[in-house]
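Here is what each chain is made of, one letter per residue.
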Amino acid sequence: TQMLNASELMTSADAHAWFSATDRIVIKPAVGAGSRGTRVFAHDQHALALAHARALAERCEVLVQPYQRSVEHVGERSLIWIDGMFTHAIRKGRRLEGDVESITGPFAIDADERAVATAALAPWAGAVLYARVDVARDETGQPRPQGVHDHVLDREGAAGAHLLDTRDGCHR
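A short tour of the structure in this document, coming up. (Residues numbered from 1 in each chain as written. Predicted model: local features only at pLDDT ≥ 70, side-chain atom pairs only at ≥ 80, totals over all residues. Heavy atoms only, no water.)

Remarks on the environment of Arg114
Okay, step 1: Tracing the backbone shows Arg114 in helix α3 (residues 111-121).
Okay, step 2: Of the residues examined, Arg114 reaches a relative accessible area of 34% and is grouped as partly exposed.
Okay, step 3: With 21 residues separating them along the chain, Arg114 and Val135 place their C-alpha atoms 9.6 Å apart.
Okay, step 4: Apart from residues lying up to four places away in sequence, Arg114 is in contact with Leu79, Phe86 and Ile109. (Helix = DSSP H or I, 4+ residues; strand = E, 2+ residues; numbered from the N terminus. Buried < 20%, exposed > 50% of the residue type's maximum accessible area, 1.4 Å probe, protein only. Contact = heavy atoms within 4.5 Å.)

This is how it looks when you write it as structure tokens:
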């Protein structure tokens, strides 16, 4: 996963590098809402991928990550952190911009998912009461972090510390 912002000049060489280890990538806002701005690009869509990343970067930080095929049949699992511990997981079906959301659960958390999510959340674990870490399994079956989602309530009780503009899904 690579994070980009408007101050970074993105070139066609960058777009080529994004596909160096995969045939499809996901480009999305680093912090988003409702999958707005989340799109998948195939290996032959370098120019479209670059244009989308540049357009998002004008408004927010952007994530570029390999597309995990497991989301097509298994979905993505969201591990829920409440007051210092992961309590359960939910399963979200594949969702791109414009798709309908599908959520099932709760489910027990697999040990390998917990380890990946714990590492991903580590920088903020002591500061938040609630967080969500999304993971998807790669082609070898290993869980890979897909995103750490902003807290709703911090330990000082500040609700909505980070606001989302749902018009374009970018963090404000």
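Don't stop here, the text continues.
Focus: the pairing of strand β8 (residues 130-137)
Okay, step 1: In terms of strand pairing, strand β5 (residues 76-82) meets β8 through six bridges, oriented antiparallel. Opposite Leu79, over in β8, you have Val133 as the bridge partner.
Okay, step 2: Inspection of the sheet shows β8 paired to strand β9 (residues 143-149) by six bridges, in the antiparallel sense. Counterpart to Asp134 in the pairing with β9 is Gly147.
Okay, step 3: Taken together, β8 and the strand that follows it, β9, pair antiparallel across an intervening segment of five residues, in which Gly141 is found at a positive phi of about 95 degrees. (Pairing = 2+ DSSP bridges.)

A look at the side chain of Asp134
Okay, step 1: Note that Asp134 resides in strand β8.
Okay, step 2: We classify Asp134 as buried; its relative accessible area is 3%.
Okay, step 3: One polar contact links Asp134 to Ser78, side chain to side chain, over a distance of 2.5 Å.
Okay, step 4: Polar side-chain contacts of Asp134 include one of 3.1 Å to the side chain of Lys92. (Polar contact = N/O pair within 3.5 Å; in protein donor to acceptor, adjacent residues only side chain to side chain.)

Quick word on the nonpolar core
Okay, step 1: Counting 15 residues, the largest nonpolar core has Met10, Trp18, Ile25, Ile27, Ala49, Val62 and Val64 as the members making the most contacts within it.
Okay, step 2: Element by element, the count of residues in this core is highest for helix α2 (residues 46-57), at five residues.
Okay, step 3: Residues within four places of Val62 in sequence aside, it is in contact with Gln2, Met3, Leu4, Ile27, Lys28, Ala30, Ala53, Leu56 and Ala57.
Okay, step 4: Membership of the second largest hydrophobic core comes to 13 residues, among which are Phe86, Ala117, Ala120 and Ala131. (Core = buried A, V, L, I, M, F, W, Y, C linked by side-chain atoms within 4.5 Å.)

Structural notes on the sheet that holds β9
Okay, step 1: Reading across from one edge, β7-β6-β5-β8-β9 is the order of the five strands in this open sheet, with antiparallel pairing throughout. A single partner strand is all that each edge strand has here, and the edge strands are β7 (103-107) and β9. For this sheet, the mean angle separating the axes of adjacent strands, direction not counted, is 30 degrees. (Axes fitted to C-alpha atoms, helices over the stretch in contact; angles between N-to-C directions.)

So, the packing of aromatic side chains
Okay, step 1: For the coordinates displayed, the defined rule picks out one aromatic pair.
Okay, step 2: Taking NZ or CZ as reference, Arg91 lies 4.8 Å from the ring centre of Phe107, over its face. (Phe/Tyr/Trp six-rings, centres within 6.5 Å; stacked < 30°, edge-to-face > 60°. Lys NZ or Arg CZ within 6 Å of the ring centre and 35° of its normal.)

Description of the pattern of salt bridges
When their charged atoms lie close together, side chains carrying opposite charge are able to pair.
Okay, step 1: Throughout the structure, instances matching the rule amount to 10 salt bridges.
Okay, step 2: For the salt bridge of Glu113 with Arg77, the shortest nitrogen-to-oxygen distance reads 2.8 Å. Taken together, the residues span a long stretch of sequence, with Glu113 in helix α3 and Arg77 in strand β5 at a distance of 36 residues. The exposure classification of Glu113 matches that of Arg77, with both residues buried.
Okay, step 3: For Asp134, the salt bridge goes to Arg132, with nearest N and O atoms at 3.0 Å.
Okay, step 4: Counted as one network, the salt bridges with shared partners bring together Arg77, Asp110, Asp112, Glu113 and Arg137. (Salt bridge = Lys/Arg side-chain N within 4 Å of Asp/Glu carboxyl O.)

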